[in-house]
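Residue strings, one per chain:
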Amino acid sequence: GESVGLHLPTLSVQEGDNSIINCAYSNSASDYFIWYKQESGKGPQFIIDIRSNMDKRQGQRVTVLLNKTVKHLSLQIAATQPGDSAVYFCAENGDGGSQGNLIFGKGTKLSVKP
Amino acid sequence: ETGVTQSPTHLIKTRGQQVTLRCSSQSGHNTVSWYQQALGQGPQFIFQYYREEENGRGNFPPRFSGLQFPNYSSELNVNALELDDSALYLCASSLAGVQSNEQFFGPGTRLTVL
């Protein structure tokens, strides 16, 4: 069935190190992917997105990589800071977004040690 | 902050009761999506509203219903509440017609069913 999953449920990194969060997706019809950050007690916050016609996109301290061959998505955070501590979700638009929905993975909890 | 607001923040109901949750979309956005997020899970798509009509629906029973108003705000109604309905309910707004499915989330309403 359709699914978006994460390889690592928890990730602990030292402040200043780079973080890599991985995600696998199974719906080949998905053509849009988003990474969200969710802090405790808050709604998901948009970080960065990528369309399927790209394999890399960079933002401020973040980079998203898309490998359509193996249906893999990753989020790289450079110089991780304590404020980056949160749960990170990848999401895909499934059937091309015709139903308007995003399909979310279960999330990876990122803990940054000072 | 995304500009998406939800009310109430928290709510406690008992089994069998009915509940109405409210969402105001970000200025300029005409589409509202509702998601249910169980503890420790990613958000699950309930439905989306566009032009005051349901534009897509996830795997939720008919006792989950919604409305969208001319000002694009929206309500989520849940009848005959069950214990498993306890979750964080998230509203996300977006602009239909743009290529991406970028959705901006509100802070959510925490519903507890006893």
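Before any of the text, the structure's been laid out above.
Residues numbered from 1 in each chain as written. Chains lettered and ligands numbered in written order. Predicted model: local features only at pLDDT ≥ 70, side-chain atom pairs only at ≥ 80, totals over all residues. Heavy atoms only, no water.

**Student:** Would you mind showing me how to read the state of the cysteines here?
**Tutor:** Each disulfide consists of one covalent bond between the sulfur atoms belonging to two cysteines. Residues and elements named next belong to chain A. According to the stated counting rule, one finds two disulfides over all chains in the structure shown. Residue pairing for Cys-23: its cysteine sulfur links by disulfide to Cys-90, the two sulfurs lying 1.8 Å apart. Residues Cys-23 and Cys-90 share a disulfide whose torsion about the S-S bond is about 60°; that sign makes it right-handed. Placement of the pair is Cys-23 in strand E3 (residues 19–25) and Cys-90 in strand E9 (residues 86–92), with a sequence separation of 67 residues. (Disulfide = S-S within 2.5 Å. Helix = DSSP H or I, 4+ residues; strand = E, 2+ residues; numbered from the N terminus.)

**Student:** I would appreciate a short explanation of the interface of chain B and chain A in the present structure.
**Tutor:** By a frequent convention, interface size equals the accessible area lost on bringing the separate parts together. Of the residues lining the interface, 22 residues belong to chain B; the matching set on chain A comes to 22 residues. Roughly 1600 Å² is buried in total at the junction of chain B and chain A, and carbon and sulfur atoms are behind 50% of that figure. Connecting chain B to chain A are zero salt bridges. Taken together, the connections running from chain B to chain A amount to three residue pairs in polar contact (both at pLDDT 80 or more). For the side of chain B that touches chain A, the secondary-structure elements that each account for two or more residues are strand E4 (31–37), strand E5 (44–50), strand E6 (53–57) and strand E9 (87–94) of chain B. Of the residues contributing to the side of chain B that touches chain A, the split by class is seven nonpolar, 13 polar and two charged. (Contact = heavy atoms within 4.5 Å. Buried area = accessible area lost by both parts, 1.4 Å probe. Salt bridge = Lys/Arg side-chain N within 4 Å of Asp/Glu carboxyl O. Polar contact = N/O pair within 3.5 Å; in protein donor to acceptor, adjacent residues only side chain to side chain. Nonpolar A, V, L, I, M, F, W, Y, C, P; charged D, E, K, R; others polar.)

**Student:** Just to check I follow, could you spell out the pattern of salt bridges for this structure?
**Tutor:** Any two side chains of opposite charge can pair, given that their charged atoms come close. Applying the stated criterion to the full structure yields eight salt bridges over all chains. Across the pair A:Glu39 and A:Lys42 runs a salt bridge, and its minimum N-O distance is 3.8 Å. Given the relative accessible area of 26%, A:Glu39 is considered partly exposed. A salt bridge links B:Glu75 to B:Arg22; the shortest N-O distance between them is 3.5 Å. Of this pair, B:Glu75 sits in strand E8 (residues 74–78) while B:Arg22 is found in strand E3 (residues 19–24), placing the two residues 53 residues apart along the sequence. Of the residues examined, B:Glu75 reaches a relative accessible area of 14% and is grouped as buried. (Buried < 20%, exposed > 50% of the residue type's maximum accessible area, 1.4 Å probe, protein only.)

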